[in-house]
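The chain contents come next:
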Amino acid sequence: MSIALEADRLTKTYGAVRALDDFSIAIPAGGVFGVLGPNGAGKSTLFRIALGLVRPTSGSARLFGAPPGDISALRKVGAMIETPRYPAYLTARDTLSLLALESGRKGADIDGWLARVGLTEAADRSTAGYSVGMKQRLGLAAAFFTKPELVILDEPTSGMDPAGIQEIRALIVDLAQREGVTVILASHQLDEVRRVCDRVAILSKGKVVAEGGVAELTAGEARLRITAASPIAQVLSVLGDKGKADGADAALADIRRDEAPALIRALVEAGVEITEARWREADLEGVYLKTLDQEAA
Amino acid sequence: MGNSLMLTDAILAERFRLLRDRSALFWGFCFAPLAGFVLSIGGDLFLRNVIRQPMPGMSVALLDQVIKALADGCSTFSALFLMIGAAAVLAGDYRGETWRLLTPRNTRPNLLLAKLLVVGEAIFWNLLLTAVLSALATIIGSAIGRKALIVTAMDRTVFDAIGVLAITWLEAMTLAALAACVGVLSRSTMGVVIACLGARFVETVLSTSLRLMDQGKVTGKLLAIPVFDADLLRGALLDPAQLGPAASSAGPALAALAAWIVALSAGAVFLFQRQDLTRE
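Residues numbered from 1 in each chain as written. Chains lettered and ligands numbered in written order. Predicted model: local features only at pLDDT ≥ 70, side-chain atom pairs only at ≥ 80, totals over all residues.

Draft legend 1. Region of interest: helix H8 (residues 189-213) of chain B. All names here are of chain B. End to end, H8 covers 36 Å across 25 residues, agreeing with the expected 36 Å (1.5 Å per residue, within 8%). Turning to H8, its buried residues are Thr189, Val192, Val193, Ala195, Cys196, Arg200, Glu203 and Ser207. Residues of H8 that are buried in the fold lie against helix H4 (76-95), helix H7 (158-186), helix H9 (220-223) and helix H10 (226-238). (Helix = DSSP H or I, 4+ residues; strand = E, 2+ residues; numbered from the N terminus. Expected span 1.5 Å × (residues − 1). Buried ≥ 20, exposed ≤ 12 C-beta atoms within 10 Å, placed from the backbone. Contact = placed C-beta atoms within 7 Å.)

Draft legend 2. Layout of the pairing of strand S6 (residues 150-154) of chain A. With 5 of 5 residues buried, S6(A) lies mostly within the body of the structure. Of the two faces of S6(A), the one holding A:Leu150, A:Ile152 and A:Asp154 and the one holding A:Val151 and A:Leu153 are both buried throughout.

Draft legend 3. The sheet that holds strand S8 (residues 199-204) of chain A, seen in detail. Residue and element names in this part refer to chain A. With mixed pairing, the 6 strands of this open sheet are ordered in space as S5-S6-S7-S3-S8-S9. Pairing within the sheet leaves two strands with one partner each, and these edge strands are strand S5 (77-80) and strand S9 (207-213). For this sheet, the mean inter-axis angle between neighbouring strands, taken without regard to orientation, is 15°. Across the sheet, helix H1 (residues 43-50) is in contact with strand S3 (32-36), S5, S6, strand S7 (182-186) and S8; its angle to S6 comes to roughly 145°. Across the face of the sheet, helix H11 (residues 284-296) comes into contact with S3, S8 and S9 while running at roughly 30° to S8. (Pairing = 2+ DSSP bridges. Axes fitted to C-alpha atoms, helices over the stretch in contact; angles between N-to-C directions.)

Draft legend 4. How the structure looks around the interface of chain B and chain A. Chain B puts 27 residues into the contact, and the matching count from chain A is 26 residues. Counting residues per element, the ones that place at least two in the side of chain B that touches chain A are helix H1 (3-20), helix H2 (22-51) and helix H5 (99-102) of chain B. The element best represented in the side of chain B that touches chain A is H1(B), accounting for 9 residues. Looking at the side of chain B that touches chain A residue by residue, the classes come out as 11 nonpolar, 7 polar and 9 charged. (Nonpolar A, V, L, I, M, F, W, Y, C, P; charged D, E, K, R; others polar.)

The values are spatial; any link to function lies outside them.
Structural data, given as structure tokens:
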């Protein structure tokens, strides 16, 4: 399996702030890889290092096996980092023409991409008057229109309307599946990551704190939800430190699946009147918040 | 892909961009020649209204006027506008935070060199516009002032005009290369304009003071001042007899101008290659 982006013990400091702290990751080529983390977790710094915009304090990064800033590797990459900005005197068409010239891709399908991101009607208007969502759409076109092998997207749907978000998600999945483009996607929208990404890394304070397939990350995180007619305090006393209240009449038990029969037996023996016991699958949000809580603790 | 091809890509992109940045194009590279033209015609009209009578025997020399305009093509007034244009090209990507769009698409040395070369090209067109408008103003002015129009009163040739254009271009390019350095360091268009005008002012003052102190001798200190080098070269080209022994320093003066351009450009590229573009 080839590696699209690799970081080895990468550290980047800005004064006293450690944006990346001994950070290591290997993102495989193919599919959509999600990068999650709160503000300041180091997502944008990772991308900026990979694209040669900033230099690491220590450690190394490689893009398609080449060091950051290597132009032959960079020309395989399309990127949209943070809120995209454009020269105010250029239209959307001019902006893509400029980038095509800069990349040596004079024959790039500019009109096709403007249509694909829904900017045909606004193509000859100055980008200075664009809404945030329109700027995001243009940023996506700019990232994709030179037919890159890897696309790095930092919050690609922020500022977009719901219909636009759906279109862009579909576009990302389509490109990844049909055209084999590798997409690295940083997002705060966990639902977006869940829907779009195959694999995910969760970043906190400049480190990777969890990494794996979305199903893999959520698999071990299911909880047994026990609803009882008895007082919930009675249930919690049996569950001990593995339980927590979930509403007035239910508790969540943090146990393995094979521990469930013994737990239910213990509850019945303690006189708890169980009305329902069912497994509740964890979502990515739960995993994300739990991981960050553990990291903070 | 060859680096020269990639540099060509970067130049084409930068030229494309400047042609669409009408504000930088007009104020930076068209305004000063246009203002000179308008002021010249305005002055002729004013004089005609004041004097009213044709002045017999008065003439204007077309080539002499063009050469004078070209020699003033990097005066402090013209330099102010040239640096406004250069700042927009060389530091505009810091102001607009648009480096992040460009740096993944070409090498950093190419990106900065392309900007510098496009500024150089714009300065060339600015000087050519200066020459054309100056010629036009001279022709129109001769008609307004009812003066005879002659080609030259001082045996000037078109080659003199081309030579002065080249020297003034080199002089302006020392400022453009300085603008590239300051642009990278300060990340500010205003910083570029202020620093370059400040440098121009200091150069002029130093050149005048040292010339007086050294009583006409060409010293190493004087040769290190681009404004002096350009004046010396123009003098050596147009009137070597009046310069006397100083005319023999034309070669070192030309080398000094070229050295400033190369050193400042290399410095700008060196700094830019190592610069973190965290917030452009």
